[in-house]
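# Per-entry structural report
Chain by chain, the residues run as shown.
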Amino acid sequence: MKKTAVFLVLISLFAACKKSDDVPQEFIVNEDPATYKEIASLNLGGLGAAEITTFDPITKRLFAVNNGSVNKIDVIDIANPAAISLIHSINLSTYGGYVNSVDVNNGKLAAAIESTNKQNPGKIVVFNTSTYFEEKVITVGALPDMVVFSPDGKYILSANEGEPDASYTVDPEGTVSIISVENNYSVTTLNFTSFSSLLPSLKAKGFRVFGPGNDITKDVEPEYISVSADSKTAWVTLQENNAIAVIDMATKTITKILPLGFKDYNTAANAIDPSDRDGGINFNPWKVFGTYMPDAIASMNYNGVPYLFTANEGDAREYTGFSEIKRVKDISLDLLAFPNAAILKQDNELGRLNITTTMGDIDADGDFDALYSLGARSFSVWNGNTGDLVFDSKNELDVKAKELGAYDDNRSDDKGAEPEAVTLGKVGAKTIAFVGLERADAVAVYDVTNPTTPVFIKMFSTGDAPEGVLFIPASKSPIQQSLVVVSSENDGFIRIYKADKL
């Protein structure tokens, strides 16, 4: 080979290496996702003291929402994850009401803080993760319930739920705020007014607009956000509305609403226990539908298709001025649809089951022709482009919780194990989903390397009512092994879990 050719090859190799260095690569640590076990815990103060956490790899600190005695963010040193300690607290009482969410990117901590009057605009406050100094206060929509950085760090997004007051006379708009970090934190807040004309067709597919006034702009309640790895698309759960919204980040517009439809419990695979007074945990098919109504959402790309993972918790509107739920025994059942209505309304049958009264009276004659309960007692995978259901865990979460001895039969009449949190992470060469079960006090672990065919791996117990499940990849972990952090709002504990190396 001539010297010129050799020189050109070397230049090419150098350029390739430099390009590789410019783009951080995930390194693989071979770990067994079936072996996650607790290695440390920390009590932050009881009820409301541990809700959502985020991790800063620069300082090796966890930042935990604490709405216990004082609204604050607790700072936890996890440089040694087996011996964690509280080192500081950022007092947020001067900024407004409850802190609802936190996220970290590149040394910046963003906190979502609702107003003292929840119907007024809330705030996103940005702090330096090393000094804890305030860097910026940004006004967003009412009741910012979740905050997240885009993966490229250029944007902060806030899901502003816009809940009504107790009398339901003041109902702010549900909105999503997009904050440009590089443009001095300028903010664009999006509402759902443009979808008003599409409301009939959206409702026909399972989208719910049902509050007093039937106003989509006020009735929509954004809950949780996931942003694609390339930071080009965001997906927002509209929990009470049983839908997911799609946002184009380049144009900062809401491009779609994806209604999620309903789940048929009248099949063996979807069997549920609808009663807390039937003498045990008994899963059977019932002539009832579940309304997915997801809380948390996570996303991944597989073979060029975005897939969305949702924790189908369900949530009812219960206010002094308006309440949608009743037990089956307290409503009238259509005798053609339910010829055994008298039996079904007994407590050990369907009588105790909570259902929404906003759907099911198909012919508007005052009795119910169909029953719709809240949530789907599952996690699901959806096509992020079309909204089509790709996978549902059916009743596996409830069944596995029962096998673990963690299923709370007192919640059978409501939402079962109540999946609330979901997060994804790379464990070795596999993509793993972690699903937090609020009422089973547990986390389910699934192999979702192929998101169209998730496979159950294990379920492990956590603290009381896990609200947040955080995955720290090995590449960012203080010990170069993946960690799972679970924050439990009822007992105020942060718990850290680690898997065994292979």
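Residues numbered from 1 in each chain as written. Predicted model: local features only at pLDDT ≥ 70, side-chain atom pairs only at ≥ 80, totals over all residues. Heavy atoms only, no water.

### Side note on the pairing of strand β12 (residues 175-180)
- Among the six residues in β12, six count as buried, and that is most of the element.
- Side chains of β12 alternate between two faces, with Thr175, Ser177 and Ile179 and Val176, Ile178 and Ser180 buried alike.
- Where strand β11 (residues 155-160) and β12 come together, six bridges link them in antiparallel fashion. Along β12, the bridge assignment pairs Tyr155 with Ser180.
- Note that β12 and strand β13 (residues 186-190) share five bridges and pair antiparallel. Counted as the bridge partner of Ser180 is Ser186 from β13. (Buried < 20%, exposed > 50% of the residue type's maximum accessible area, 1.4 Å probe, protein only. Helix = DSSP H or I, 4+ residues; strand = E, 2+ residues; numbered from the N terminus. Pairing = 2+ DSSP bridges.)

### Regarding the environment of Asp398
- One can find Asp398 in helix α5 (residues 396-404).
- With relative accessibility at 1%, the residue Asp398 sits in the buried group.
- For the pair formed by Asp398 and Ser380, sequence separation is 18 residues and the distance between their alpha carbons is 14 Å.
- Excluding residues within four positions of it along the chain, Asp398 makes contact with Phe283, Arg377, Tyr407, Gly416 and Ala417. (Contact = heavy atoms within 4.5 Å.)

### Details of the pattern of salt bridges
- Under the counting rule described, the total for this entry stands at 20 salt bridges.
- Put simply, Lys72 and Asp74 hold a salt bridge, and the shortest N to O gap is 3.9 Å.
- Judged by relative accessible area, Asp74 falls into the buried class, the value being 1%.
- Arg352 serves as the salt-bridge partner of Asp276, at 3.0 Å between the closest nitrogen and oxygen. Of the two residues, Asp276 sits in the loop between β18 (262-264) and β19 (289-291) while Arg352 sits in the loop between α4 (341-344) and β23 (354-356), which places them 76 residues apart along the sequence.
- Here Arg352 falls in the buried class, since its relative accessible area comes to 9%. (Salt bridge = Lys/Arg side-chain N within 4 Å of Asp/Glu carboxyl O.)

### As for the sheet that holds strand β33 (residues 493-501)
- The four strands lie next to each other as β1-β33-β32-β31, forming an open sheet whose pairing is antiparallel. Each edge of the sheet is formed by a strand with only one pairing partner; in this case those strands are β1 (31-43) and β31 (466-472). This sheet shows a mean twist of 25° between the axes of neighbouring strands, independent of strand direction.
- Note: β1 against β33, eight bridges, orientation antiparallel. Of the residues in β33, the one forming a bridge with Glu31 is Lys501. (Axes fitted to C-alpha atoms, helices over the stretch in contact; angles between N-to-C directions.)

### Some details on α5
- All of the buried residues along α5 are Leu397, Asp398 and Ala401. Taken end-on, α5 shows its buried residues confined to a sector of 100°, consistent with a single buried face.
- Its buried side turned inward, α5 meets β25 (379-383), β27 (419-427), β28 (430-437), β29 (442-447) and β30 (455-461).
- At the exit of α5 stands Gly405, carrying a positive phi of roughly 80°. (Arc of directions from axis to C-beta.)

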